[in-house]
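Breakdown of the fold
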Amino acid sequence: MADEIKFQERFSTLKAEVGKVLVGQDAMVHRLLLGFIAGGHILLEGVPGLAKTLVIKTLADCTDATFSRIQFTPDMLPGDVTGTQVFNPKEGTYSVKKGPIFGNLVLADEINRAPAKVQAALLEAMQERQVTLGDQTFRLADPFLVLATQNPIEQEGTYPLPEAQLDRFMLQVDVTYPTLEEEVQIVKRGTSADKPNIKKVLSPERILALQDLVLRVPAADHVVRYAVNLVHASRPQQKAGGRNAKTSGGIKVMGSGKEAEAQAMVNEYLAYGAGPRASQYLILGAKARAILDGRPAASVEDVKALARPTLQHRLIPNFHAEAEGVRPQQIIDKMLEALRP
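Here goes a summary of the coordinates provided.

Cut-off values and rules
Every chain's residues receive numbers from 1 upward, in the order its sequence appears when written. With the structure being a predicted model, the display of local features is reserved for residues of pLDDT at least 70 and the display and counting of side-chain atom pairs for 80 or more, all residues being used for whole-chain, interface and lining totals. Water and hydrogen atoms play no part in the side-chain values, which are based on all heavy atoms of the structure. Helix and strand assignments come from DSSP, with helices taken as H or I runs of at least 4 residues and strands as E runs of at least 2, each series counted from the N terminus. All radius of gyration figures rest on C-alpha atoms, and the globule criterion is 2.2 Å times the number of residues raised to 0.38. Two residues qualify as a contact provided that any one of their heavy atoms is within 4.5 Å of a heavy atom in the partner residue. The charge count treats Lys and Arg as positive and Asp and Glu as negative. His and the chain ends do not count. Just so you know, the charge point we use is NZ for Lys, CZ for Arg, CG for Asp and CD for Glu. Under the convention used throughout, the expected extent of a helix is 1.5 Å for every residue step, that is, one less than its residue count. The cut-offs for exposure are 20% and 50% of the maximum accessible area for each residue type, with area from a 1.4 Å probe on protein chains only; residues under the lower value are buried, those over the upper are exposed, and the others partly exposed. The criterion for strand pairing is that DSSP finds at least two bridges linking the strands in question. Note on method: axes are straight lines fitted to C-alpha atoms, helices fitted across the in-contact stretch only, with angles between N-to-C directions ranging 0 to 180 degrees. Note on definitions: salt bridges are taken to be side-chain nitrogens of Lys or Arg within 4 Å of carboxyl oxygens of Asp or Glu. Each Phe, Tyr or Trp ring, with Trp reduced to its six-membered ring, pairs with another whose centre is within 6.5 Å; inter-plane angles below 30 degrees give stacked pairs, above 60 give edge-to-face pairs, and intermediate values give tilted ones.

1. Observations concerning the overall build of the chain
When helices and strands are counted, the chain shows 15 helices and 11 strands. In terms of C-alpha radius of gyration, the chain reaches 22 Å, essentially the compact-globule figure of 20 Å for 341 residues. Residue pairs in contact within the chain that sit at least 24 positions apart in sequence constitute 78% of those at least 6 positions apart. Of the side chains in the chain, 40 bear a positive and 39 a negative charge, and the two mean positions are spaced by 3 Å.

This is the structure we're talking about:
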């Protein structure tokens, strides 16, 4: 219990420090910090000017961890991220110059501007937490988190993230416009000479201790099974001779009702569903959410609360969904209505 109390105190302190700079966006900040203490990479998506970069930079300022910022552009090379081997003509030898990926917190700003080769270079770092340069492999720092931003409305000079890359992100956090009163406060702060004094409240060792504590939070079998069923239900089932199916591993279809509607929606509008990594992240996030709320174990409600940010970037819509304007969030909501613990 003492560890849980310290956990909540440190989380509250961290959130308060971020709040010195950021106005509003409570849901975004909560999910960002939740992913941070759970040790999962986070993707922030929103139009320009909504403080995506600011909140990540502020989070880095609150810790003693090393921080790297990578501003992605279409002309980047993999070596600009991972580093490269430098030849010394005088000695006839190569030395390694490490890139900005070698940091505890890495801000990948406008990540969807990076070309395919750069995206491929990030995959090894994000999943294996290592980088290969020439014939040498280097372990990345511990803790290691990629906090990325992308603009969903800009298409010129951008490269959609491949599905394998998206699957490496624990959560996709949608950043929305502030309210009228929040925007008034933003303008006041942004046009004032007073600058907040951000304190460093977490060390890398404490971050690792918090992440270890999250792993030790119990999750009952029925909670794990609910998460797995939810992910399994997102996978469209095909009949041999048609487009729609009648059964699914996660949602049992019995003629009609919410179950049948949800399964029909999945089959009609999704090309592919989420994989096993989504199930793991749902439980990991549920554990983090439980301990943040002062509860001893993860619950089904924790899984439900994290279903959207965990699944929405993993569901691949087909052309029917694009033509009819059906979004993955709508399908997730329908699945949550139909699937019972």
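2. Structural notes on the side chain of Asp302
Relative to the elements of secondary structure, Asp302 occurs in helix α12 (residues 300–305). Excluding residues within four positions of it along the chain, Asp302 makes contact with Ala286, Arg289, Ala290, Arg295 and Ala297.

3. Describing helix α5 (residues 116–128)
For α5, built from 13 residues, the straight-helix expectation of 18 Å at 1.5 Å per residue is met to within 8% by its first-to-last C-alpha distance of 19 Å. Three or more residues of α5 are buried, namely Val118, Gln119, Ala121, Leu122, Ala125 and Met126. Contact partners of the buried residues in α5: β1 (41–45), α4 (79–82), β6 (130–133), β8 (145–150), α6 (163–166) and β9 (169–174). The first or second residue beyond α5 is Arg129, which carries a positive phi of 55°.

4. Notes on the sheet that holds strand β5 (residues 105–109)
The sheet built from 5 strands is open, its strands ordered β2-β5-β8-β1-β9 with parallel pairing. Looking along the sheet, the strands with just one partner apiece sit at the ends: β2 (67–71) and β9. If you compare each strand with its neighbour and ignore which way they point, the axes differ by 15° on average. With 5 bridges joining them, β1 and β9 adopt parallel strand pairing. In the strand pairing of β9, Ile42 is matched with Leu171. Against the sheet, helix α2 (residues 26–38) touches β1, β5, β8 and β9, its axis set at about 170° to β9.

5. Here's the deal with the pattern of salt bridges
Charged atoms that come close allow side chains of opposite charge to pair. Tallied over the full model, the rule gives 12 salt bridges. Arg277 serves as the salt-bridge partner of Asp167, at 2.4 Å between the closest nitrogen and oxygen. Taken together, the residues span a long stretch of sequence, with Asp167 in the loop between α6 and β9 and Arg277 in helix α11 (residues 276–292) at a distance of 110 residues. The buried category is assigned to Asp167, whose relative accessible area is 17%.

6. With respect to the packing of aromatic side chains
In the structure shown here, the tally under the stated rule is 1 aromatic pair. An angle of 85° between the planes, with centres 6.4 Å apart, marks the rings of Phe102 and Phe138 as edge-to-face. Of the two residues, Phe102 sits in the loop between β4 (93–98) and β5 while Phe138 sits in strand β7 (residues 136–139), which places them 36 residues apart along the sequence. By the burial criterion, Phe102 is buried, and Phe138 matches it.

7. A word on the pairing of strand β3 (residues 83–88)
Bridge count for β3 against β4 is 6 bridges, and the pairing is antiparallel. By the bridge assignment for β4, Val86 is matched with Ser95. If you look at the hairpin formed by β3 and β4, you'll find 4 residues sitting between the two strands, and Gly92 has a positive phi there, around 70°.

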